[in-house]
Amino acid sequence: MTAENESKKTPLPPGMVLGPDGKPCKICTAFRNWKPQTSGNIESDGHNKSRGSGSRGQQSATTMMAALSGGTATTSITKTKVQPIRPDEPPPGCPPDSEQLGRATWTFLHTTAAYYPDKPTPKQRANMLALLHALPILYPCTWCAEDFGKDIAEHPPDVSSRTALSLWLCRRHNEVNEKLGKDKFNCNKVDERWKDGPADGSCE
Ligand SMILES: Cc1cc2nc3c(=O)[nH]c(=O)nc-3n(C[C@H](O)[C@H](O)[C@H](O)COP(=O)(O)OP(=O)(O)OC[C@H]3O[C@@H](n4cnc5c(N)ncnc54)[C@H](O)[C@@H]3O)c2cc1C
């Protein structure tokens, strides 16, 4: 049975996202919705000792991942050797999940906008446009990329100056925040957040 057929038959665990190939998309999914076990519910012999519904959810997610990614559907849950610093994040040194990738990308984009020239040359404008227009094509979280592509088609990048670009990007990020049910960021504070730091000097 193909992964696609399997995915049509079995409801996906909450938060898990399928990629264009119909298989679970790791880079489109937050680690907390992907990880096969939670600390404290795994005995040293690798058996899940918890009887709670959360544990069942995790286990069914594991089964689903194995089935959809074309591996065996039998889950062998083994004790994790490296403990993550934050339980919701992949352990240090592991590939990023969708949230780490998002934070890193926003950090890069907002910081790049914060240091963009006040009066960019035609070459700088063209390169910034190329960078932004590459995201809907290359950003590995495909459904994020698709939505971002629609958003920038509706709101073309303003690369005319540092201030204009920072504001444009803040608004695009707020569109994503809104979609995810998060608070909107105050775009008047974009320089404080990404360039100058707060007036109280706490970042010095
Ligand atoms: C182009 C793009 C599209 C994405 N699309 C999706 C998607 O469709 N679905 C999905 O689940 N995830 C998406 N993500 C990831 C998502 O936006 C978050 O990065 C991720 O959920 C982690 O969120 P966070 O709360 O840690 O902070 P983030 O949203 O990553 O923000 C990092 C920091 O930026 C600051 N900040 C927040 N909002 C703004 C703003 N408007 N302007 C300036 N600074 C701000 C805050 O200080 C915040 O702590 C996308 C990421 C990118 C780069």
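Thresholds, definitions, all that
Residues numbered from 1 in each chain as written. Predicted model: local features only at pLDDT ≥ 70, side-chain atom pairs only at ≥ 80, totals over all residues. Heavy atoms only, no water. Helix = DSSP H or I, 4+ residues; strand = E, 2+ residues; numbered from the N terminus. Buried < 20%, exposed > 50% of the residue type's maximum accessible area, 1.4 Å probe, protein only. Contact = heavy atoms within 4.5 Å. Near = heavy atom within 4 Å. Polar contact = N/O pair within 3.5 Å; in protein donor to acceptor, adjacent residues only side chain to side chain. Areas by Shrake-Rupley, 256 points an atom, 1.4 Å probe, with all protein chains shown as cover. 1 Å grid on protein atoms, 1.4 Å probe; cavity = no way out; pocket = protein on both sides within 12 Å on 5 of 7 lines; lining within 4 Å. Sits in = over half its atoms within 2 Å of the grid points. Nonpolar A, V, L, I, M, F, W, Y, C, P; charged D, E, K, R; others polar. Core = buried A, V, L, I, M, F, W, Y, C linked by side-chain atoms within 4.5 Å. Domains from an automatic or database assignment. Expected span 1.5 Å × (residues − 1). Points joined across faces, edges and corners; volume = space filled by probe spheres on them. Disulfide = S-S within 2.5 Å. pLDDT = per-residue confidence, 0-100.

A. Region of interest: the overall build of the protein chain. For the protein chain, the count of helices and strands is seven helices and zero strands. Each of the 204 residues in the protein chain was classed as buried or not, and the buried ones make up 36%. Put simply, 54% of the contacts in the protein chain that link residues at least 6 apart link residues at least 24 apart.

B. Quick look at the site of the ligand. Close contacts around the ligand come from 22 residues, with Arg103, His173, Lys179, Lys182 and Arg193 the closest. Within the side chain of Lys179, one N or O atom sits 2.4 Å away from an oxygen atom of the ligand. A distance of 3.0 Å is found between a nitrogen atom of the ligand and a side-chain nitrogen or oxygen belonging to Trp194. Expressed as a share of its isolated accessible area of 960 Å², the protein-covered part of the ligand is 85%. Mapping the ligand onto the cavity grids shows that it belongs to the largest pocket. Elements with a contribution of two residues or more to the shell around the ligand: α3 (98-114), α5 (142-154), α6 (162-179) and α7 (190-196). For the shell around the ligand, a count of residues per class yields eleven nonpolar, six polar and five charged.

C. Fine view of the nonpolar core. Counting 20 residues, the largest nonpolar core has Leu132, Leu165 and Trp168 as its most contacted members. Of all the secondary-structure elements, those providing two or more residues to this core are α3, α4 (122-138), α5 and α6. In terms of residues, this core owes the most to one element, α3, which gives four residues. Here this core gathers at least three residues from each of two domains, domain 1 (3-68) and domain 2 (98-196). Every residue in contact with Leu132, bar those within four places of it in the chain, is listed here: Leu109, Phe148, Ile152, Pro157, Val159, Leu165 and Trp168.

D. Summary view of α6. With 18 residues, α6 ought to run about 26 Å at 1.5 Å a step, and its terminal C-alpha atoms sit 26 Å apart, in line with that. Packed against the buried residues of α6 are α3, α4, α5 and α7. The positive-phi residue at the C-terminal boundary of α6 is Gly181, with phi of around 75°.

E. Examining the layout of surface pockets more closely. If you add up the space inside the largest pocket, you get close to 990 Å³. Surrounding the largest pocket, 37 residues form its lining, Gly102, Trp106, Val176, Leu180 and Lys182 being those nearest its centre. Mapped onto the lining of the largest pocket, the elements with two or more residues apiece are α3, α5, α6 and α7. Grouping the amino acids of the lining of the largest pocket by side-chain chemistry returns 17 nonpolar, nine polar and eleven charged. Composition of the lining of the largest pocket by domain shows at least three residues from each of domain 1 (3-68) and domain 2 (98-196).

F. Here's a closer look at the state of the cysteines. Tallied over the entire structure, the rule returns three disulfides. Residue Cys141 pairs covalently with Cys144 via a disulfide, S to S 2.2 Å. Measuring the twist about the S-S bond at about 60°, one finds the Cys141-Cys144 disulfide to be right-handed. Note on Cys141: relative accessible area 1%, which makes it buried. Between the sulfur atoms of Cys170 and its disulfide mate Cys187 the distance is 2.0 Å. Where Cys170 bonds to Cys187 through sulfur, the torsion about that S-S bond is close to -90°, and the disulfide is left-handed.

G. Here's a closer look at the confidence of the model for the protein chain. Per-residue confidence for the protein chain averages 79 on the pLDDT scale, and 70% of its residues sit at or above 70. Segment residues 37-79: pLDDT under 50, and 62 contacts once partners within four positions in sequence are set aside and those in other chains are kept.

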